[in-house]
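Residue strings, one per chain:
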Amino acid sequence: MLILLNKPFNVLCQFTGEPGQRTLAECLPVPGVYAAGRLDADSEGLLVLTDDGLLQKRISDPQHKLPKTYLAQVEGVPDEAALARLRAGVDLGDFVTRPCEARLVDEPAWLWPRNPPIRERKAIPTRWVELVLREGKNRQVRRMTAKVGFPTLRLVRVQVGDWTLDGLAPGEWREQAGPLPRRRAASFFQMYDPLHWAAIRRDKLQAHFLYLMTPDRPGNFDLFAMLYGPRRFEQQLVETRRR
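For clarity, every value in this text was computed on a predicted model and none was experimentally measured. (Residues numbered from 1 in each chain as written. Predicted model: local features only at pLDDT ≥ 70, side-chain atom pairs only at ≥ 80, totals over all residues. Heavy atoms only, no water.)

## Here's the deal with the layout of surface pockets
Test applied: Using a 1 Å grid laid over the protein atoms alone, points where a 1.4 Å probe fits but cannot get out form a cavity; open sets with protein on both sides within 12 Å along at least 5 of 7 lines form a pocket; any residue with an atom within 4 Å of a point counts as lining. Grid points are joined across faces, edges and corners, and a volume is the space filled by probe spheres set on the points. Numbered from the N terminus, helices here are DSSP runs of H or I no shorter than four residues, and strands are runs of E no shorter than two. For this classification, Asp, Glu, Lys and Arg are treated as charged, while Ala, Val, Leu, Ile, Met, Phe, Trp, Tyr, Cys and Pro are nonpolar and the rest, including Gly, are polar.
Reported here for the second largest pocket is a volume of approximately 410 Å³. Among the elements of the structure, strand S4 (68–75), helix H3 (140–147) and strand S7 (152–160) are those that each provide at least two residues to the lining of the second largest pocket. For the lining of the second largest pocket, the leading source of residues is H3, giving 3 residues. Here the residues of the lining of the second largest pocket are counted per class, giving 9 nonpolar, 6 polar and 8 charged.

See the structure below:
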């Protein structure tokens, strides 16, 4: 299952919180799904949720380079030099951002008003910047625009990969059908990392077993036994022979 949600402003990107905190539970009455990538409480827009652990990792992990498009309303009017710095990568002290796309855009006609509205100063204009990133560190967009001299006043994520808000009002959601991100081959270290395989749900164990046991993957009997334990390996082998 894959769900697209338009997360409202001031809603935590989780299903539980402290008393008085707004959470995803008020928008999404669907159990067993988790966010694939996060949005800060003071950010709005597209949130992708799924009940598939591997799909969640593919969407949120920067190594898969799934583009994420943001609209940032910034204080001031960025010039071409500021946009060039954003595109090239910004040194934020603890890390340098990857190159991204950045351009000035007009405020979309479909964009809903924020409640409460942003704090604006009459003497300082604001502009909208569209940024396309292939990573997502904590408060990264806000830190990037502030670093080049234009603090973000409002931040809306409008697209993840090919998925868009497509008419969803704040708090609305829909179940998404269609093609999912292509799976990349696991690296050598992932193949031998138990945490990587821990994401595989039990109901997919049989398919994973058959995948590892194909003739072109010699030696994976030992790999499966190491990851799941000899007893689990024997049980799965017996079950497979019965089918």
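## Quick word on the pattern of salt bridges
The following threshold applies: Just to be clear on terms, a salt bridge is a Lys or Arg side-chain nitrogen sitting within 4 Å of an Asp or Glu carboxyl oxygen. Buried residues are those whose accessible area, probed at 1.4 Å on protein chains only, stays under 20% of the maximum for their type, while exposed residues exceed 50% and partly exposed ones sit between those limits.
This model, assessed by the stated rule, comprises 11 salt bridges. With a shortest N-O distance of 2.8 Å, glutamate 75 and arginine 121 are connected by a salt bridge. Placement of the pair is glutamate 75 in strand S4 and arginine 121 in the loop between strand S5 (101–105) and strand S6 (126–133), with a sequence separation of 46 residues. Assessed through its relative accessible area of 11%, glutamate 75 is described here as buried.

## Regarding empty space enclosed by the protein
In this structure the tally under the stated criterion is 1 cavity of 30 Å³ or more. A volume near 30 Å³ is recorded for the largest cavity. For the largest cavity, the full set of lining residues is Val74, Pro78, Leu86, Val129, Thr145, Val148 and Phe150. Residue composition of the lining of the largest cavity, grouped by class: 6 nonpolar, 1 polar and no charged.

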